[in-house]
Amino acid sequence: MTRIFDNPADFADDALDGFVAANRGYVARVDGGVVRSTEVPTGQVALVVGGGSGHYPAFAGLVGPGLATASACGNMFASPAAGQVYRVAKAANAGGGVLLSYGNYAGDVLHFGQAQLRLNAEGIETRTVTVTDDIASAPLDQIEKRRGIAGDLTVFKIAGAAAEAGLDLDAVERLAIKTNYRTRSLGVAFDGCTLPGASDPLFHVPAGQMSLGLGIHGEPGISEHKMPTASELAELLVSKLLNDKPDDAGNRVVAIVNGLGTVKYDELFLLFGKIDKLLGKAGLTVVEPGCGELVTSLDMSGLSLTLLWLDEELEQYWAAPADTPAFRKGNLAPRPPRNQASVTAVDESDVEQPTEAAAELGRQAVAVLAQVRDVVVEHEGELGKLDAIAGDGDHGIGMRRGVEAAFTAAETAIGASVGRILTAAGEAWSERAGGTSGALWGSAIIAAGQALGNKAGYSGEDAAAAVTGFVDAITELGKAEPGDKTMVDALLPYRDAFLTEFDAGAPVDRALAAAAAAAESAAAETARLRPLKGRARPLAEKSLGHPDPGAVSFGLITARISQHIDAQLGGSQPALPAGNGVQA
Ligand code: ADP
Ligand code: MG
């Protein structure tokens, strides 16, 4: 249970504020996360880590000399939005370039990826190394698809030490890639965790059972076991990891037993003792190990074992000193506080003169968003359940957070052009929702807004451009193919049906209705597909027979939009303009 909060929606932000207050000698708050409050030498590579909140000390607890320069902190279990990552990286940059490093989750990849594009476009050289240590999440020959769990620490630690030693961006990146390649983890869970404000845990493990390979957001495990003894558990974890060891593994390893939230330290130590002996028997020398909470999952009952196979240079950087709120090693000379003036950023947006048509269309867009919000709220529970079958169960709450924020932002912007309004809505959606769908919906709404802009008048062509822009943003960012079992399987039929009707001369409302019908039936048909992208992929079999949650929500939303537009027209009025008509 998570008990201590005022408003559960503010949990992550409020907890982060308190963390900064308690650790002000280490970190300062910036919009989107935290940055070191101590001096960063000019020219030092900035290591920017991050991810969803709820995993303390990942990620903000790992910010300090010898480790991360800054952390972008998302909502509970949800990726930080691209804008947050961008602002945190700007504040962290000391002129030596930026290395973004985070666990390999689709939402994080989307948001950090968008931020990287923006930073590079501004001349701040930025690279990315995603952490893929969780051997339960994909086979060894698809290592790049694996998720990141407690192996985050080894990768961040070695990259941070390399940056501290003054290595350049190429060298820091190379060491991070190598560390990730040589790090393996495997976790087990004994019981679920509860998001703030939720009355039930995200999942349960039956009493007396243990789930092997369960993810840090409750992604279902790969097998269920009767609760083993400590010795059996140690044997299971060690043998699975040794079976998966990297090709050029030597015999010196870092071993880390990580508690996921509610396993006592005594129990972790007990298990560590057994593991240490087994590793010794296997001919391995354990070097500067760790045992404690390093990547948690709220109040989840569970733990993981991480092994990093060292070589000479990795060992040097692993052993180097670091001083952060949650991770300390060796001695580092105290750092002077950072000049606060350098911890700034934020773009001022220019002033626009909205046209009458653009302001009016903006108002209509706000009314449409109100409908989208209503339909999402009505189906929140159902979407969450659908996502829990093979994903992490957050699709309902994520969509709701996103659309509520989008509606509020749009409503506040009434009077601006439709372009401005939808951009504000998309940014808010992406920022609040987190998750893959949040990033995709946010970017898609921004793209639709850019297509509509601030024009003197609007025709059906503009509606077609908005639909196309919306769909293209999602396929470009998410890179899902038809048949991967994602919302793309409903989006493409939607766009195609719209364009077919529209090109044949149908008015916009008819084209939208035909498109919504196509999206809904395509969404239902995804039930026969196996997911090939996103969080549901590792549990593909469980997903068979159930439609994709993102496709279902898209179908529901498009149907509601079409009904709303029909109702606006009173059923009988002349429809919205076809091809080249001009909308009032
Ligand atoms: P998360 O997967 O981060 O938990 P959600 O649960 O809110 O986010 O959304 C899951 C949905 O996102 C999936 O059902 C799928 O439709 C969609 N999705 C996942 N990955 C992609 C992708 N690469 N491209 C398009 N849609 C995707
Ligand atoms: Mg999900």
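Here is what the cut-offs are and how they apply
- Residues numbered from 1 in each chain as written.
- Chains lettered and ligands numbered in written order.
- Predicted model: local features only at pLDDT ≥ 70, side-chain atom pairs only at ≥ 80, totals over all residues.
- Heavy atoms only, no water.
- Helix = DSSP H or I, 4+ residues; strand = E, 2+ residues; numbered from the N terminus.
- Rg over C-alpha atoms; globule rule 2.2 N^0.38 Å.
- Buried < 20%, exposed > 50% of the residue type's maximum accessible area, 1.4 Å probe, protein only.
- Contact = heavy atoms within 4.5 Å.
- Areas by Shrake-Rupley, 256 points an atom, 1.4 Å probe, with all protein chains shown as cover.
- Lys, Arg positive; Asp, Glu negative; His and termini not counted.
- Charge placed at Lys NZ, Arg CZ, Asp CG, Glu CD.
- Pairing = 2+ DSSP bridges.
- Domains from an automatic or database assignment.
- Buried area = accessible area lost by both parts, 1.4 Å probe.
- Salt bridge = Lys/Arg side-chain N within 4 Å of Asp/Glu carboxyl O.
- Donors = N, O, S within 2.8 Å, 3.2 Å for Na, K, Ca; no water.
- 1 Å grid on protein atoms, 1.4 Å probe; cavity = no way out; pocket = protein on both sides within 12 Å on 5 of 7 lines; lining within 4 Å.
- Points joined across faces, edges and corners; volume = space filled by probe spheres on them.
- Nonpolar A, V, L, I, M, F, W, Y, C, P; charged D, E, K, R; others polar.
- Near = heavy atom within 4 Å.
- Polar contact = N/O pair within 3.5 Å; in protein donor to acceptor, adjacent residues only side chain to side chain.
- pLDDT = per-residue confidence, 0-100.
- Core = buried A, V, L, I, M, F, W, Y, C linked by side-chain atoms within 4.5 Å.

Side note on the overall build of the protein
Then, number 1: The number of helices and strands found in the protein is 18 helices and 15 strands.
Then, number 2: Relative to its length of 584 residues, the protein is compact, with a C-alpha radius of gyration of 25 Å against a globular reference of 25 Å.
Then, number 3: Among the 584 residues that make up the protein, the fraction classed as buried is 59%.
Then, number 4: Considering only residue pairs separated by 6 or more positions, the protein has 74% of its internal contacts joining residues 24 or more positions apart.
Then, number 5: Accessible surface, the protein as shown: approximately 22700 Å² in total, 53% of it carbon and sulfur.
Then, number 6: Here the protein holds 47 positive side-chain charges and 72 negative ones, and the gap between their average locations is 6 Å.

Overview of the pairing of strand S8 (residues 209–212)
The side chains of a regular strand alternate, residue by residue, between the two faces of the sheet.
Then, number 1: With two bridges joining them, strand S7 (residues 183–191) and S8 adopt antiparallel strand pairing. Note that in S8 the partner of Val188 across the bridge is Leu212.
Then, number 2: Taken together, the four bridges between S8 and strand S9 (residues 223–226) define a ladder with antiparallel strand orientation. Residue pairing across strands places Leu212 opposite Ser223, the latter belonging to S9.

Here's the deal with the domain arrangement of the protein
Then, number 1: In terms of domains, the protein is made up of domain 1 (8–329) and domain 2 (352–569).
Then, number 2: Using only C-alpha atoms to locate each centre, domain 1 and domain 2 end up separated by 33 Å.
Then, number 3: Together domain 1 and domain 2 conceal approximately 1900 Å² of surface at their shared face, both sides included; 50% is due to carbon and sulfur atoms.
Then, number 4: In terms of surface lost to domain 2, no three residues of domain 1 exceed Asn75, Leu110 and Pro220, which account for 27% of the buried area on that side.
Then, number 5: At the boundary of domain 1 with domain 2, the tally comes to one salt bridge.
Then, number 6: The salt bridge involving Glu431 is made with Arg87; its shortest N-O contact spans 2.9 Å.

A look at the coordination of the magnesium ion (ligand 2)
Then, number 1: Coordination of the magnesium ion (ligand 2) by the protein involves Asp387 (OD), Asp392 (OD) and Asp394 (OD), with metal-donor separations of 2.0 to 2.2 Å.
Then, number 2: On the accessibility criterion, Asp394 (23% relative accessible area) is partly exposed.

Observations regarding empty space enclosed by the protein
Then, number 1: Using the criterion set out here, one finds three cavities of 30 Å³ or more in the structure.
Then, number 2: As a volume, the largest cavity reaches approximately 100 Å³.
Then, number 3: Residue lining of the largest cavity: 16 residues in total, with Gly52, Phe59, Tyr105, Asp108 and His217 positioned closest to the centre.
Then, number 4: Secondary structure elements with two or more residues in the lining of the largest cavity: strand S3 (46–53) and strand S5 (98–103).
Then, number 5: Counting residues per element, the lining of the largest cavity draws most heavily on S3, at three residues.
Then, number 6: By residue class, the composition of the lining of the largest cavity is six nonpolar, seven polar and three charged.
Then, number 7: Taken as a whole, the second largest cavity spans an internal volume of roughly 50 Å³.
Then, number 8: When grouped by side-chain class, the residues that make up the lining of the second largest cavity number five nonpolar, three polar and no charged.

Side note on the site of ligand 1
Then, number 1: In the region of ligand 1, 20 residues are neighbours, and Asp394, Thr436, Ser437, Met487 and Asp548 sit closest.
Then, number 2: The contact in question runs from an oxygen atom of ligand 1 to an N or O atom on the side chain of Ser437, over 2.5 Å.
Then, number 3: Protein contact buries 95% of the 560 Å² of open area that ligand 1 shows by itself.
Then, number 4: Every element with two or more residues in the shell around ligand 1 is listed here: helix H13 (435–452) and helix H18 (549–568).
Then, number 5: Tallied by class, residues from the shell around ligand 1 come to six nonpolar, eight polar and six charged.

Focus on the confidence of the model for the protein
Then, number 1: In this model, the protein carries an average pLDDT of 93, and 95% of its residues clear a pLDDT of 70 or more.
Then, number 2: Here residues 344–349 scores under 50 on pLDDT; set against residues more than four positions off or in separate chains, the count is four contacts.
Then, number 3: In this model, residues 572–576 is a region of pLDDT below 50 whose contacts with residues beyond four sequence positions or in other chains number ten contacts.

Digging into the nonpolar core
Then, number 1: Counting 67 residues, the largest nonpolar core has Trp429, Trp441, Phe470 and Phe498 as the members making the most contacts within it.
Then, number 2: At ten residues, the largest contribution of residues to this core is made by helix H9 (residues 356–378).
Then, number 3: Core analysis: the second largest hydrophobic core is formed by 62 residues, Phe11, Val27, Leu169 and Ala176 among them.

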